[in-house]
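Observations on chain architecture
Read off the chains here:
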Amino acid sequence: MTGFFSAWWGSAVTVFVCVITWAMAGTEGLAAPDATKSIPDPATQPQLAKIEELLRRSWSDYGLSPASRATDGEWCRRVYLDLLGRVPTVDELQAFTTLRERDKDAQLVERLLTDSLYTEEYARNFTTLWTNILIGRNGGNEDRSLTNRAGLQKYLRDSFARNKPYDQLARELITATGASQPGRDGFNGAVNFLAMKLADDAMLATADTARIFLGLQVQCTQCHNHPFNEWKQNQYWELNAFFRQTRSLRRFEAGTNEVAYIELADQDFGGEGTTPQDAEIYYELRNGQVKAAYPVFVDGTKISTSGYLADVRRRGELGRLVTDSEYLSRAIVNRMWGQFLGYGFTKPVDDMGPHNAPSHPELLDYLASEFRAANYDLKTLIRWITLNPAYRLSSRTTKSNASDDPLMGEPPKFSHFYLRQLRAEELYESLLVATQADQNKGSYEEREMAKNEWLRQFTIAFGTDEGDETTTFNGSIPQVLMMFNGELVKEATRVDADSFLSRVAANPMSPAKKIEFLYLAALARKPTRPEIDVANKLWEARAIDARRDHGSGSIPPGAAALQDVWWVLLNSNEFILNH
Amino acid sequence: MVYTPYDMSRRHFMRHLAGAAAWAVPAITLTQSLRAHAEQLRSNRKAAILLWMGGGPSTIDLWDLKPGAATGGPFRPIATTGDAQICEHLPMIAAQMKHLTVVRSMSTREADHQRGRYYMHTGYVPSASVEHPSYGSVIAHELADQRPDLEIPPFVAVGGGSVGPGFLGMSWAPFVVNSDGRVKNLEMGLDRQRVMQRMAALQVLEKGFIDQDRGLAAVDHAKMLDKTLSLMTSKQMEAFKVSQESDAVRERYGNNGFGRGCLMARRLVEAGVSFVEVDLGGWDNHQNIFPTLQDDKLPTLDRAMSALVEDLDQRGMFNDTAIIWMGEFGRTPRINGDSGRDHFARAWSVVVGGAGFQGGKVVGETSDDGASVVSEPYVSQDLMASVCHALGISLDRTFTSRSGRPMKIANSGKVIKDLFA
């Protein structure tokens, strides 16, 4: 290995005759964004001023100087990844970096949130995120699954495309009834959230509803009072009682015993005692004593104890109680902040009890109350988060803020942007868009199915009743092997006719401009001098190969060199890390 | 001794970057200088195999039967070649029990899958501020000096995800493979010269980004590139190919994922891997537990685990290889309304053997109904300390987490003395 390597390097240096002129990039032919739309001036938004004030106060309290601003290219890449789930195209990038207006950041965010050109991608990205939140990466992929992943995604896509208020979304997911599979009578994709969570006395329905929508981890209190949070065993069962009228009814393929889909329905619940008008459930304390529970919300609100639907629909009441509570807004604000900034105000974002104090209590409370006042409008929340100064900071640390590192066990102070790896879905979408391969991938459903198939290779289910899972798309060797040699990257680096790289190679741009184009497409920046030098060496090496093969190789040397450069870019830390 | 793995590897990495052609040169030089000792090191290098029973196995039905008790279930105990009596549906393991010891006095507090998995893998309860390294990461890290010529990952997880390396960093992460032993995406399909040219170019980008002080993730990425390249070009990858074993051997281990995983574990340890975790899931038996155990789980376990012990013993590897059998917790003595047993951490069993462990014993005791431990109770930390002790790893070892907080190996657990005398 070393021998080959050294020999190549030596010869490349001595025969390094390739001269590539370096021209500055022009921006001709790029569509300017529609600047006629009136954009709310950030300075006039009191929320942004307040967020900034609170952040600056915490930086000064901790004696931290915030990092410098991220470059426009870095910030633009960040915004595209976080809003659309992919990197910007070269055109999109240059349209932004060439803007000179003071409010260009707000313009870009507004464009991605409101321009109909981006509605589908925005909805797809949030659908992907929320599918994973609601049913996990493996949900619906299990053998004989009762969850219809595509059904849930259809519901979510529609909800995010219409910017459904978050309280309505939560209520619909908690209270949904209907058929799980698209195309069936009474289809309601939202039922797929709970479709497989009703087994074992609705254990998962209880735990996941509390965790996702209230930011409360109650699963351990099923069997005993929690050793170090304040939730008591009775509260678990009182919350659990809300789900006991609900059934996942199997519907069979005509004439077979194959389950085709499920129908989520509420039915009269007789209780575990003898009086349905007072339908109680029983649970066992660790000392063996048996206690009864009726539906009581976590804040102590009681509802009718009857099990008859005619008297009370328990899940409907739960939906109302959840969306009336402040837990809902605090949990979503924490989750969304974490999604954009890399860390929420608590770790994990969905465990927010008094035992886990938030890093910025005042900011969390403020955002939550403003979000409620803004009628749970997710896009408004996204504007506040993406346009706040912490999200604009560079990930380059300085002496005065390097200590702010949540990896070291410190609570985040957001004095610089924290590196984080792209999610597998972001990588997939980015490669499709960057290589312009997203145009001919069939219908939306076919495209999503292909993506789901690809994603499955990274998911490991632990095989417990709780559906725990993990991913190997975590920076470990299987991921690197996939990036080195996997089908997706092979596809992205193809050079045969009609491929992305063959089109770049055939373009009349100079070689230098071609390399710059690839850098912009992958990293949202131009190459540095050492990077230009090494690209030139690759170019020359491929030319030497071509001369050695007397032109018998089927790939023109230019295309082969671009292939090398593109492969290197996709495999770099800078590409795979949202920075 | 205080040792900071992060600083160490960072220095090591920076040395790698010292020259333009640095990709492979320092590693190879280092390897050559140590190769002279390799044979000697190989002769007494230690390793461990964790058989992870995901879901929480019903140890009252396997290792600590309560015949006659109302909660005892239908299975009968049988005699073994050791002191323990175990489940009648584990006859092949019974023949190997002279090598294995049952600890019947585990008493822990984490009865949630995720928390239990973390706790039993790390010796620590989950924390918001620190991610602790798991067994495999700790042991691979501590035993690395014994295998300087290892080109494949020192910690392999077969058929499951294990738990991550925590503050030790991605270099000590489990390499997760399927039990079929086919590692995906190993071939780049280019000539070696071109691969190395690409790597040299990649090096320029990696270094440029790392030099901008953006944090550990950038450094970790570069390290993983290095490790991946080493693995792609290594002959040691053959160890994953269980298909190279004879039909008779494969049959002995069992023709299923867990059987192949155990066979792969033996091959990997032979090749120099320090820690292999083999996952057998499906123990979360809240319903119909007894037919599930009798018809599915126990025959699979019996065949593979007995084959592994027998095989390691016949190859003279057993005295250097620790075996640990455990899940995240046990299951309730009480049989629930669905003929299942639920999560139970207060009184349950694990099994160990090999390396420095004394075989054939029973340690600890539970009450007649299996609901409580009546001897000295042990926790995850104690088991971890005992495994480290069996492998010759000093319990005085202290890590420094990335926050600078000193952390004793195995969370200051106490060695379970009865496992060694």
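Quick note: structure is the one above.
Moving on, we come to the overall build of chain B. Looking only at helices and strands, chain B features 11 helices and 15 strands. Counting the 421 residues in chain B, one finds 61% classified as buried. Sequence-distant contacts, at least 24 apart, represent 73% of the contacts inside chain B between residues at least 6 apart. Accessible surface, chain B as shown: approximately 15,100 Å² in total, 48% of it carbon and sulfur.

This part is about the pairing of strand S5 (residues 100-106) of chain B. Residue and element names in this part refer to chain B. When you tally the buried positions in S5, you get seven out of seven residues, the bulk of the element. Where S5 and strand S12 (residues 348-354) come together, five bridges link them in antiparallel fashion. Within S12, the residue paired with methionine 106 across the bridge is tryptophan 348. Relative to strand S13 (residues 362-363), S5 runs parallel, the two being bridged by two bridges. Bridge assignment links valine 102 to a residue of S13, and that residue is valine 362.

Quick look at the sheet that holds strand S6 (residues 155-158) of chain B now. Strand-to-strand pairing in sheets goes through backbone hydrogen bonds, with the strands running parallel or antiparallel. Residues and elements named next belong to chain B. Strand order in the open sheet formed by eight strands is S7-S6-S8-S2-S9-S12-S5-S13, and the pairing between neighbours is mixed. Two strands lie at the open edges of the sheet, namely strand S7 (175-177) and S13, each paired on one side alone. Pairing analysis gives four bridges linking S6 to strand S8 (residues 275-279), with the strands arranged parallel. Residue valine 158 lies in a different strand from S8, and its bridge partner there is valine 278. In the packing of helix H4 (residues 113-122) onto the sheet, the strands contacted are strand S2 (47-52), S5, S8, strand S9 (321-326) and S12, and the crossing angle to S2 comes to about 160°.

Formed by 233 residues in total, the largest nonpolar core has its most connected members in Trp130(A), Phe213(A), Trp566(A), Leu51(B), Trp63(B) and Leu301(B). The element best represented in this core is helix H10 (residues 289-314) of chain B, accounting for 11 residues. Look past the residues within four positions of Trp63(B) in its chain and what remains in contact with it is Gln85(B), Ile86(B), Leu90(B), Ile93(B), Met97(B), Val102(B), Arg104(B), Met305(B), Trp325(B), Ser349(B) and Val351(B). Membership of the second largest hydrophobic core comes to 45 residues, among which are Trp52(B), Tyr135(B), Leu168(B) and Trp172(B).

Below, the discussion takes up the interface of chain A and chain B. Taken together, the 68 residues of chain A in the interface contact 69 residues of chain B. For the pair chain A and chain B, the number of links is five salt bridges. Residue Arg214(B) is joined to Glu74(A) by a salt bridge in which the shortest nitrogen-to-oxygen separation is 2.8 Å. Where chain A packs against chain B, one counts 14 residue pairs in polar contact (both at pLDDT 80 or more). Counting residues per element, the ones that place at least two in the side of chain A that touches chain B are helix H1 (2-14), helix H17 (477-485), helix H18 (487-492), helix H20 (511-523), helix H21 (529-548), helix H22 (557-570) and helix H23 (573-576) of chain A. A total of seven residues in the side of chain A that touches chain B trace back to one element, the largest contributor, which is H17(A). Grouping the constituent residues of the side of chain A that touches chain B by class yields 31 nonpolar, 22 polar and 15 charged.

What follows covers helix H6 (residues 192-210) of chain B. Every α-helix winds through 3.6 residues per turn, so residues three or four apart in the chain are directed the same way. Residues and elements named next belong to chain B. Its 19 residues place the ends of H6 26 Å apart at the C-alpha level, agreeing with the 27 Å of an ideal helix rising 1.5 Å per residue. Counting buried residues along H6, 14 of its 19 residues qualify, which places the element largely inside the surrounding structure. Between the side-chain oxygen of the N-cap and the backbone nitrogen of glutamine 193 there are 3.1 Å, and the N-cap of H6 in question is aspartate 191.

Residues and elements named next belong to chain A. Inspection of every chain in the model, using the stated rule, returns 31 aromatic pairs over all chains. Summarising the aromatic geometry, the rings of phenylalanine 345 and phenylalanine 414 are spaced 6.1 Å apart at their centres and angled 80° between planes, so their arrangement reads as edge-to-face. Of this pair, phenylalanine 345 sits in the loop between helix H12 (326-341) and helix H13 (361-373) while phenylalanine 414 sits in the loop between helix H14 (378-386) and strand S6 (420-421), and the two are 69 residues apart along the sequence. A relative accessible area of 2% means that phenylalanine 345 is categorised as buried. In this structure phenylalanine 414 comes out as buried when scored by relative accessible area, which is 1%. Among the aromatic residues, those joined into a cluster by ring pairs are Trp75, Phe96, Phe340, Tyr391 and Phe417. We note arginine 78 situated over the ring of phenylalanine 417; from NZ or CZ to the ring centre the distance is 3.6 Å.

Thresholds applied
- Residues numbered from 1 in each chain as written.
- Chains lettered and ligands numbered in written order.
- Predicted model: local features only at pLDDT ≥ 70, side-chain atom pairs only at ≥ 80, totals over all residues.
- Heavy atoms only, no water.
- Helix = DSSP H or I, 4+ residues; strand = E, 2+ residues; numbered from the N terminus.
- Buried < 20%, exposed > 50% of the residue type's maximum accessible area, 1.4 Å probe, protein only.
- Contact = heavy atoms within 4.5 Å.
- Areas by Shrake-Rupley, 256 points an atom, 1.4 Å probe, with all protein chains shown as cover.
- Pairing = 2+ DSSP bridges.
- Axes fitted to C-alpha atoms, helices over the stretch in contact; angles between N-to-C directions.
- Core = buried A, V, L, I, M, F, W, Y, C linked by side-chain atoms within 4.5 Å.
- Salt bridge = Lys/Arg side-chain N within 4 Å of Asp/Glu carboxyl O.
- Polar contact = N/O pair within 3.5 Å; in protein donor to acceptor, adjacent residues only side chain to side chain.
- Nonpolar A, V, L, I, M, F, W, Y, C, P; charged D, E, K, R; others polar.
- Expected span 1.5 Å × (residues − 1).
- Phe/Tyr/Trp six-rings, centres within 6.5 Å; stacked < 30°, edge-to-face > 60°.
- Lys NZ or Arg CZ within 6 Å of the ring centre and 35° of its normal.

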